[in-house]
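Tertiary structure, described
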Amino acid sequence: AQSVTQLDSHVSVSEGTPVLLRCNYSSSYSPSLFWYVQHPNKGLQLLLKYTSAATLVKGINGFEAEFKKSETSFHLTKPSAHMSDAAEYFCVVRSGAGSYQLTFGKGTKLSVIP
Amino acid sequence: EAGVAQSPRYKIIEKRQSVAFWCNPISGHATLYWYQQILGQGPKLLIQFQNNGVVDDSQLPKDRFSAERLKGVDSTLKIQPAKLEDSAVYLCASSLGGEKLFFGSGTQLSVL
């Protein structure tokens, strides 16, 4: 079975400093991986996805993630945090090659300090 | 384009009562999902529809939960009777059948 583990439940950064949200995955084959963001009282929104093309994936709002097979990781980064980045972030793996079922991690809450 | 619409936004009921949630997906999206998000956890898939047929309901507690998608558009999710552990946010999502899901804002259910 495919699964993801988000290593931090809460990350706090100062505005203008880099963001790193960590995610490790477990999969019996080459996985499809995603990051979703959930702002308060808003629906989940897709940030970016990896589907075996390029290992460095660029997403919306300046976020990017790098797929590292040797480390089974898919960490989310952003060079400079903005106040509007404060939200909950979910690392997600697609369950099954023939299925579009998504398995979510438990989430990382990002706080941005002015 | 209009997003995924869900109602009600909040619902408070007592245990053993019944409750229903409604979802209107984005027009033209054939695939519809219901997820349950318990506080402090990531969303968990309850049921997936392709048009009006069920693709996956393996994690739906069928003794108390039911869902339907008549005519392949709107969907309702029902809980009868509700338990305390059903307190969660119920999210509806839709897609064209690919990997990008569009989520609604969810219905927050509190069971007292």
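Quick note: structure is the one above.
Quick summary incoming for the structure in this document. (Residues numbered from 1 in each chain as written. Chains lettered and ligands numbered in written order. Predicted model: local features only at pLDDT ≥ 70, side-chain atom pairs only at ≥ 80, totals over all residues. Heavy atoms only, no water.)

1. Some words on the overall build of chain A
Helix and strand counts for chain A come out as zero helices and twelve strands. Going from the N terminus to the C terminus, chain A shows its helices and strands as β-β-β-β-β-β-β-β-β-β-β-β. Against the compact-globule benchmark of 13 Å for 114 residues, chain A has a radius of gyration of 13 Å, which places it among compact chains. The principal-axis extent of the C-alpha atoms belonging to chain A is close to 45 × 30 × 20 Å. Counting the 114 residues in chain A, one finds 45% classified as buried. Put simply, of all contacts in chain A between residues at least 6 apart along the chain, 55% involve residues at least 24 apart. Working note: accessible area of chain A is about 5,500 Å², and carbon and sulfur atoms make up 51% of it. Taking the 10 positively charged and 7 negatively charged side chains of chain A as two groups, their mean positions are separated by 7 Å. (Helix = DSSP H or I, 4+ residues; strand = E, 2+ residues; numbered from the N terminus. Rg over C-alpha atoms; globule rule 2.2 N^0.38 Å. Buried < 20%, exposed > 50% of the residue type's maximum accessible area, 1.4 Å probe, protein only. Contact = heavy atoms within 4.5 Å. Areas by Shrake-Rupley, 256 points an atom, 1.4 Å probe, with all protein chains shown as cover. Lys, Arg positive; Asp, Glu negative; His and termini not counted. Charge placed at Lys NZ, Arg CZ, Asp CG, Glu CD.)

2. Observations concerning the sheet that holds strand 3 (residues 19–24) of chain B
All names here are of chain B. Overall, antiparallel pairing links the four strands, which are arranged 1-3-8-7 in an open sheet. Only two strands of the sheet have a single partner each, and these edge strands are strand 1 (5–7) and strand 7 (65–68). Pairs of neighbouring strands in the sheet enclose a mean axial angle of 15°, with direction left out of account. (Pairing = 2+ DSSP bridges. Axes fitted to C-alpha atoms, helices over the stretch in contact; angles between N-to-C directions.)

3. A word on the interface of chain A and chain B
Between chain A and chain B, the contact holds 19 residues from the first and 22 residues from the second. In this assembly, chain A packs against chain B so that about 1,600 Å² is buried in total across both faces, 50% of it on carbon and sulfur atoms. The tally of links from chain A across to chain B stands at zero salt bridges. Counting the contacts that link chain A with chain B gives two residue pairs in polar contact (both at pLDDT 80 or more). Tallied by class, the residues present in the side of chain A that touches chain B amount to eight nonpolar, seven polar and four charged. (Buried area = accessible area lost by both parts, 1.4 Å probe. Salt bridge = Lys/Arg side-chain N within 4 Å of Asp/Glu carboxyl O. Polar contact = N/O pair within 3.5 Å; in protein donor to acceptor, adjacent residues only side chain to side chain. Nonpolar A, V, L, I, M, F, W, Y, C, P; charged D, E, K, R; others polar.)

4. Side note on the nonpolar core
Among the nonpolar cores identified, the biggest contains 26 residues, and A:Trp35, A:Phe74, A:Leu76 and A:Tyr89 are the most heavily contacted of them. No other element matches the four residues that strand 10 (residues 87–95) of chain A contributes to this core. Here A:Leu76 is in contact with A:Val19, A:Leu20, A:Leu21, A:Trp35, A:Leu47, A:Leu48, A:Phe63, A:Glu64, A:Ala65 and A:Tyr89, once residues within four sequence places are set aside. Residues B:Ile13, B:Leu77, B:Ala88 and B:Leu109 belong to the second largest nonpolar core, which totals 21 residues. (Core = buried A, V, L, I, M, F, W, Y, C linked by side-chain atoms within 4.5 Å.)

5. Re the pattern of salt bridges
Residue and element names in this part refer to chain A. For the structure on display, the rule yields five salt bridges over all chains. Note that Arg22 and Asp8 form a salt bridge whose closest N and O atoms lie 3.0 Å from each other. In this pair, Arg22 is assigned in the loop between strand 3 (19–21) and strand 4 (23–26) and Asp8 in the loop between strand 1 (3–6) and strand 2 (10–14), connecting sequence segments 14 residues apart. Looking at Arg22, the relative accessible area reads 31%, which means it is partly exposed. Notably, a salt bridge pairs Lys78 with Asp85, separated by 2.8 Å at the nearest N-O pair.

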